[in-house]
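# Coordinate inspection notes
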Amino acid sequence: MKTNVLPRILSNASKTARLRIFPKTSFSSAPQYRIAGLLKKMLLLIIASLAMNFVLAQQKLSVRGKVIDSLTMEPIESAVITDPHTGNKSATSKNGSFVLHKVTGDTLLVSFIGYQPKLVKIQYGKAVLIALEKGVISLRDVTITNNETLSTNKTLTNLDLNMQPAKSAQDLLRLIPGLFIAQHQGGGKAEQIFLRGFDADHGTDVNISVDGIPVNMVSHAHGQGYADLHFLIPETVSSYDFGKGPYYTDKGDFTTAGYVAYNTLNVLPQDELKVEVGQFQTLRILAMINLLNEKARKKGQSAYIAAERLYSNGGPFALPEHFTRYNVFGKFITPIDSNNKLTAIISTLKSDWRASGETPDRAVAEGYIANRFGSLDTAQGGHTDRTNASLKLTTNLGNDWVMDNQLWYSHYYFNLISNFTFYYYFPTTGDEFRQKETRDLGGYNWKISKSATVNNTTFTSTAGAGTHYDNIDPLELDHTENGQFLGYLQYGRAKELNVNGYFDETARTGKWLFNAGIRADYFHFFYQNLAPDSDIYATNVFAGKSPDAHSGTISPKFNVVYTFNDTFQLYLKAGKGFHSNDARVVIANQGFEILPAAYGADLGFNWKPAPNLFINTALWYLFLQQEFTFGQDLIDQPGGPVTPSGKTVRYGVDFSARYQFTDWLFASLNVNAARPRYIDSLPGHNYVPLAPTLTSTAGLYFRTKSGFNGGISYRYLHNRAANSTYTLTAQGYFITDLTVNYTKKWYQIGLAIENLFNRQWDESQFEYISQLKGETAPVDQVSYTPGVPFFAKLKLTVFF
């Protein structure tokens, strides 16, 4: 009340002063007295006015509020809040809340890409709830702020997810600028990942998660960090976040090249049924159904289920792949009280496939198979299943304190038969092998955060801790022939525990943002060799060695952002990360280099040189204490095909641009260059096998008011070294894809074409020393999995 009384008093005083300047009495006094009195009263009026302005200046208030989607009632992250009178800006947090300081007027402008901008009235002292409606996508709505160190990625992800809706789990990974993938086992196996000069195999250097559940698997039967994302139904994804480099305190193991985090829908906007039919006997059926009504949604409750079934014969391969996948996903959200919200998730995946495997270049020329799509071992293929469950409690503790507690659990099974080298190791029975495991894994994630403003500086403090435990029993590598067991190459059980904690502080003042954090990780490894002594195949690298080992690491991070204005921003990132070794490698090597470190730095900028153009560019550097590479020696190498090697260094440049020609036509361009090299090898022998050096993606995308939408895009991967001397080359490719949809309120009809111009290309390539049946000597050569030829698919979706 006191802050309102003083202005009224001063206002009344100023009115009195004005009346007394020109009193009703006549001007009969002496001139000098009249002038002196006039000056005196004018001085009083000036003093009163200055006092009023001073008090009103002190009454510039901070406005708090929350921004939500008008349809789903879900919070909108990264919406921009602007004071139209001063241009002062803020942005919403993950829960949609914001604080804007020094507000001078009674209106705020709220905008976010893909929504209609909204001018809202405010009342001082009252929090405001702002509901935005979906609208056209406009790059004009993109405003560069220093609200967060990851603002670059938020802009790109919001644009790309709106304009490039994913058609499959593989497409979800391709949304990351500079990230390339390769499938080489019939569609059911996790994709090979390339990013920032890394051949990350199936996830050794890219941390992937879904709703806080880790996707990467430690000490996997097929290779360290194996990340099978196929349990994620693409239509359930609401948003994704990514970061390149080791600069993020809440991201631990495998975050060297970067991380990708997906979030599923909390609220299903509408029910839908989709049918996709394509070449090669491809059929996919999807259903997504709300389980609660609109009344429950208004109370903050939501529940839905999604299910898909996919079948494909695998393209033109001589060996039908009979690829099948079943997915079921369910999510339930309910408020417990006004300060607590519970989120429950359950999902399950089951998949089977056959595969033609990798083919040596000489196999066709020498008549072993009729064409590129033949198979040298028809027993190859696999089965996998994974079931996930998660409970997350989000608590508003008051005074801007927010706390998350999450428990998660997964059960997993994997069985894969492969043959890379044919008759090189076992000339009589062949080199076919099975990788097999059963595992239970689970963990706990805790996080607490608070935002507070002191003078003109906003501080955001975050602390977190977690555990991750894997029990793998059995974990085996078998020698097989035509899929039948011959003997153990490795057989045992593994356990691995990770305990971690971190603290992160962000200070935002004026044009500056400073972020510093530190993370601590502790690992305990256990591997027990269970192979019988009588088995002549079983390796003895574990003989006489302790089955336990442990280690820890500290990872500091530091980021600085300077925002010149709402069109240009400069940032510097620096930090340490790591990737853990396979438990079998750790025990075999008696704890040597358990947690190889990665040290990196980025210098980059975000720029809007024009209202319809957004550019992100970064120069980067990364040193890795120990590279993980793919190797063929499955007999003597304890960690399977992913093997530790020497130190490496990488540096490069990332460039991304997004441009809007009209309100319905958009363009995107990504160019990523890298120079990966071993630093403890001689020149000419220091190439990192299969590491990408130049990649690019680009596309033209359209979305008209009449309902037509889609786009045409390309993927380019440059030639690269297949071995450390670059005497063998992994051939690059340039592939064009096309998507055209017609969307109305109740239905969508679409056509998707991969490899529009039917180019011959190799999706995956590896160096193997192999020996085909009848050959008198082994040959060191590149083997390949042929890429998909022209592939068309029709889809029909009904919304209800």
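Above: the structure in question.
In what follows, the accompanying structure is described. What you see is a predicted model, and the numbers here were worked out from it, not measured in a lab. (Residues numbered from 1 in each chain as written. Predicted model: local features only at pLDDT ≥ 70, side-chain atom pairs only at ≥ 80, totals over all residues. Heavy atoms only, no water.)

### Overview of the layout of surface pockets
Estimated volume of the second largest pocket: approximately 610 Å³. Contributions of two or more residues to the lining of the second largest pocket are made by β1 (61-69), β3 (89-91), β4 (97-103), β27 (484-509) and β29 (548-565). For the lining of the second largest pocket, the element with the highest residue contribution is β4, accounting for four residues. A class-by-class count of the residues in the lining of the second largest pocket yields six nonpolar, 16 polar and six charged. (1 Å grid on protein atoms, 1.4 Å probe; cavity = no way out; pocket = protein on both sides within 12 Å on 5 of 7 lines; lining within 4 Å. Points joined across faces, edges and corners; volume = space filled by probe spheres on them. Helix = DSSP H or I, 4+ residues; strand = E, 2+ residues; numbered from the N terminus. Nonpolar A, V, L, I, M, F, W, Y, C, P; charged D, E, K, R; others polar.)

### Looking at the pairing of strand β24 (residues 401-418)
Note that strand β23 (residues 381-398) and β24 share 17 bridges and pair antiparallel. Bridging across to β24, lysine 392 finds its partner in glutamine 406. The antiparallel pairing of β23 with β24 creates a hairpin that spans two residues between the two strands, and asparagine 399 there sits at a positive phi of about 55°. Where β24 and strand β25 (residues 433-454) come together, 18 bridges link them in antiparallel fashion. Paired with leucine 407 across the strands is tyrosine 444, a residue of β25. (Pairing = 2+ DSSP bridges.)

### Some points on the sheet that holds strand β15 (residues 237-244)
Strands sit in the order β12-β11-β16-β15 across an open sheet of four strands; the sheet is mixed. Both edges of this open sheet fall to β12 (213-214) and β15, since each of them pairs with a single strand only. Inspection of the sheet shows β15 paired to strand β16 (residues 258-264) by seven bridges, in the antiparallel sense. Bridging from a neighbouring strand, aspartate 241 pairs with alanine 261 of β16.

### Here we look at the packing of aromatic side chains
This model, assessed by the stated rule, comprises 33 aromatic pairs. Here the aromatic rings of tyrosine 659 and phenylalanine 661 are separated by 4.8 Å at their centres, their planes lie at 85°, and the arrangement is edge-to-face. By relative accessible area, phenylalanine 661 is classed as partly exposed at 45%. Through a chain of ring-to-ring contacts, three or more aromatic side chains come together here, namely Trp512, Phe514, Tyr562, Phe564, Phe568, Phe605 and Trp607. Directly above the ring of phenylalanine 198 sits arginine 650, whose terminal nitrogen or CZ lies 3.6 Å from the centroid. For the cation-ring pair, arginine 720 lies above phenylalanine 194, with the distance from its terminal atom to the ring centre recorded as 5.1 Å. (Phe/Tyr/Trp six-rings, centres within 6.5 Å; stacked < 30°, edge-to-face > 60°. Buried < 20%, exposed > 50% of the residue type's maximum accessible area, 1.4 Å probe, protein only. Lys NZ or Arg CZ within 6 Å of the ring centre and 35° of its normal.)

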